[in-house]
Amino acid sequence: MKSAAKVEFGDFQTPLPLAREVCGLLGALGIAPDTIVEPTCGAGAFLIAAAEAFPAARLIGFEINTAHLAAAQANLSSTGHAHVEVSQQDFFSHDWDAEVRERGHVLVLGNPPWVTSAAVAAVTGTNLPAKQNIYGLRGLAAKTGKANFDIAEWMLVRLLQALRGRAATIAVLCKSATAQKVLRHAWRSDLRVAAASLYSIDAGAHFDAAVEACLLVASLGAAGPAEAKVFSDLKAIAPTHRFGVAGKGLVANLDTYDRFRHFEGLCPYQWRSGVKHDCAPILELQPLEDGSFANQLGQTVTVEAAMLYPLLKGTELARRGAQATRRVLLPQTRLGDDTAALARTAPLAWNYLHTHRAAFAARKSSIYAKGPAFAIFGIGDYTFSEWKVAVSALHRPAKFVVIGPWQGRPVVFDDTCYYLPFSHETEARVVAEILNSRPCQSFLEALIFPGSKRAVTVELLQRLNLSTLAHAAGMGDRWEQSRQADRDTDQLPLLLCDERESEPAAVA
């Protein structure tokens, strides 16, 4: 297992052959820096490669780890480069505005930490910037998973701010998702990115990391188009495609998007996220043959049946024929519900929850901080709709599944799923058919980034113009009729599972 220090500092040392290949590419692109700055130089591989590729440039390296710093100084002494400065420095406390001032053409080079703020917090690390909402998120978005960020992401935004308006180049190795987020912010905030490219690298071969990664090269100093070219590798001459900002957000493939941009609009439904509780070992239960349940700690659990709901996860939704093989205990039915009432209405559940109160108190997310005991998130009337159209956030292509009630209970999803709630089956099935149609799937492919950890988001789903998509799929009349029928009908017959079956009514 990785050491806590390696996790905290995202310590993936760059192999010297890769650093040389990167510097060779930069030279071939015509980049001729006066000063090369590496903010997190590690053992110095990039500085060594830069000394070879740019002998006239002044080299400045910073490193917080004293062992890496000593190695870098020893390694660089053998290069014979006349202008090298390497010193210990904490990136987060350094004055980067002053550092890049009057340096001529600056090339920021390197491999910043491949770690998220949540991962650092999980090992109780301190290698974090002062708490700051770098993207100006508001309300719950600033408190939930959107507030988690890559440390490299924060560093690159800070460097772009320091270099704004200056003739400079940034060339760094990072996760592809980090590069996409940083560029989106730079384009929206007018950080004067003149041109940008992503060159894919094999993170498994170079760093033993199972993640999509790239070399981000950005030319700075003037505002350019909000798009970036994507190359298959460091040797590629021509890009495979372009991504950038278009319509209501970031687009994975601008060429494909241009063909389907008329499918973008405002979704007439509100997409919802599944339940978030951060206490799966306690709240997610497996049925046993004797009618009781087992939690993930191996403990037998007996609670009131009314407190339990069938649960589906994203991986189960992505498989054909989703089956709710487990249950979830929901302490609340609406945000802010006073869970103390359970002592009277569901004493077995209340006692069980109290037995594990320490696990709930240990949850790190701030969304629970001022809530009642055992509070959860992503809960409301929509959670208990009998019919839903759901999709896994983690899988592509996006597959939309109709989920009906099981044994008279509405099926609930975890927070790796998004869904639309419906009162009746008819409209749910028509909407799912529209979403799975070729026009909609083609448009989604233009929006979704290959290799994204969370391929589907609420923001992406809200961009779907259901009316235009329905007509493109030849289903415009059926969709309008289903909506009208459900408005006019108090209750349509429900497609319930046969009592002998052990799975919910689910149709892809």
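Our subject is the structure listed above.
Residues numbered from 1 in each chain as written. Predicted model: local features only at pLDDT ≥ 70, side-chain atom pairs only at ≥ 80, totals over all residues. Heavy atoms only, no water.

Right, let's talk about the pattern of salt bridges for a bit. Here the structure, examined in full by the defined rule, presents 22 salt bridges. Residue K175 is joined to D150 by a salt bridge in which the shortest nitrogen-to-oxygen separation is 3.0 Å. With K175 in strand β5 (residues 168–175) and D150 in the loop between α6 (117–122) and α7 (151–163), this pair connects stretches of sequence that are 25 residues apart. A single burial state applies to K175 and to D150, both of which are buried. Here D258 makes a salt bridge to R261, at a shortest N to O gap of 2.9 Å. Through salt bridges with shared partners, a single network forms among R164, D190 and R192. (Salt bridge = Lys/Arg side-chain N within 4 Å of Asp/Glu carboxyl O. Helix = DSSP H or I, 4+ residues; strand = E, 2+ residues; numbered from the N terminus. Buried < 20%, exposed > 50% of the residue type's maximum accessible area, 1.4 Å probe, protein only.)

Over its 13 residues, α7 extends 19 Å from the first C-alpha to the last, a length consistent with the 18 Å expected when each residue adds 1.5 Å. Of all the positions in α7, only I151, A152, E153, W154, M155, L156, V157, R158, L159, L160, A162 and L163 are classed as buried. Just beyond α7, the residue with positive phi is G165, at close to 85 degrees. (Expected span 1.5 Å × (residues − 1).)

With that out of the way, let us pick up helix α4 (residues 66–77). Taking 1.5 Å per residue, 12 residues should reach 16 Å; α4 reaches 17 Å between its end C-alpha atoms and fits that length. Considered for burial, the residues of α4 that qualify are H68, L69, A72 and L76. With its buried residues spanning 100 degrees around the axis, α4 presents them on a single face. In α4, the exposed positions that point more than 90 degrees away from the buried face belong to T66, A67 and S77. Residues of α4 that are buried make contact with α3 (45–53), β2 (58–63) and β3 (84–88). Where α4 begins, one side-chain oxygen reaches toward the backbone nitrogen of A67, 2.9 Å away; that side chain belongs to N65. (Arc of directions from axis to C-beta. Contact = heavy atoms within 4.5 Å. Polar contact = N/O pair within 3.5 Å; in protein donor to acceptor, adjacent residues only side chain to side chain.)

Of all 5 residues in strand β15 (residues 308–312), 5 are buried, a share of seventy percent or more. With 4 bridges connecting them, β15 and strand β16 (residues 326–329) associate as antiparallel partners. Note on β16: the bridge partner recorded for L308 is L329. Here β15 runs beside strand β19 (residues 412–413); their pairing, made up of 2 bridges, is parallel. Counted as the bridge partner of L311 is V412 from β19. (Pairing = 2+ DSSP bridges.)

Taken together, the 6 strands give an open sheet; going across it, the order is β14-β13-β12-β16-β15-β19, and neighbouring strands pair in mixed fashion. What marks the edges here is a single partner per strand, and that holds for β14 (300–301) and β19. In this sheet, strand β13 (residues 293–294) lies alongside strand β12 (residues 284–287) in antiparallel orientation, the contact comprising 2 bridges. Bridge assignment links P287 to a residue of β13, and that residue is F293.

Once that is clear, we can look at the environment of E264. Within the secondary structure, E264 is located in the loop between α10 (254–260) and β11 (272–273). On the basis of relative accessibility, which here comes to 11%, the residue E264 falls in the buried class. A C-alpha to C-alpha distance of 9.9 Å links E264 and L461, two positions 197 residues apart in sequence. For E264, the side chain forms a polar contact with the main-chain nitrogen of K248, separated by 3.0 Å.

What follows concerns the packing of helix α2 (residues 16–28) against α3. Where α2 meets α3, the closest approach of the two axes is 8 Å, and the angle between their N-to-C directions is 40 degrees. Judged by the inter-axis angle, α2 sits oblique to α3. For the crossing formed where α2 meets α3, the hand is right-handed. Residues L16, A19, R20, V22 and C23 of α2 lie in contact with α3, whose contacting residues are A45, F46, I48, A49, A50, E52 and A53. Residues belonging to the contact of α2 with α3 are distributed by class as follows: 10 nonpolar, no polar and 2 charged. (Axes fitted to C-alpha atoms, helices over the stretch in contact; angles between N-to-C directions. Parallel < 35°, antiparallel > 145°, perpendicular 65-115°, else oblique. Left-handed = near helix turned anticlockwise from the far one by under 90°. Nonpolar A, V, L, I, M, F, W, Y, C, P; charged D, E, K, R; others polar.)

It is worth spelling out empty space enclosed by the protein at this point. This structure, assessed with the given rule, holds 2 cavities of 30 Å³ or more. By volume, the largest cavity is sized at about 50 Å³. Lining the largest cavity, in full, are P39, T40, V108, L109, G110, N111, P112, M155, L156, L159 and V172. Going through the elements one at a time, β4 (106–110) and α7 are the ones with two or more residues in the lining of the largest cavity. Tallied by class, residues from the lining of the largest cavity come to 8 nonpolar, 3 polar and no charged. By volume, the second largest cavity amounts to about 40 Å³. In this structure, the second largest cavity is lined by S273, G274, V275, G378, T383, K388, V412, F413 and Y419. Residues of the lining of the second largest cavity, tallied by class, amount to 4 nonpolar, 4 polar and 1 charged. (1 Å grid on protein atoms, 1.4 Å probe; cavity = no way out; pocket = protein on both sides within 12 Å on 5 of 7 lines; lining within 4 Å. Points joined across faces, edges and corners; volume = space filled by probe spheres on them.)

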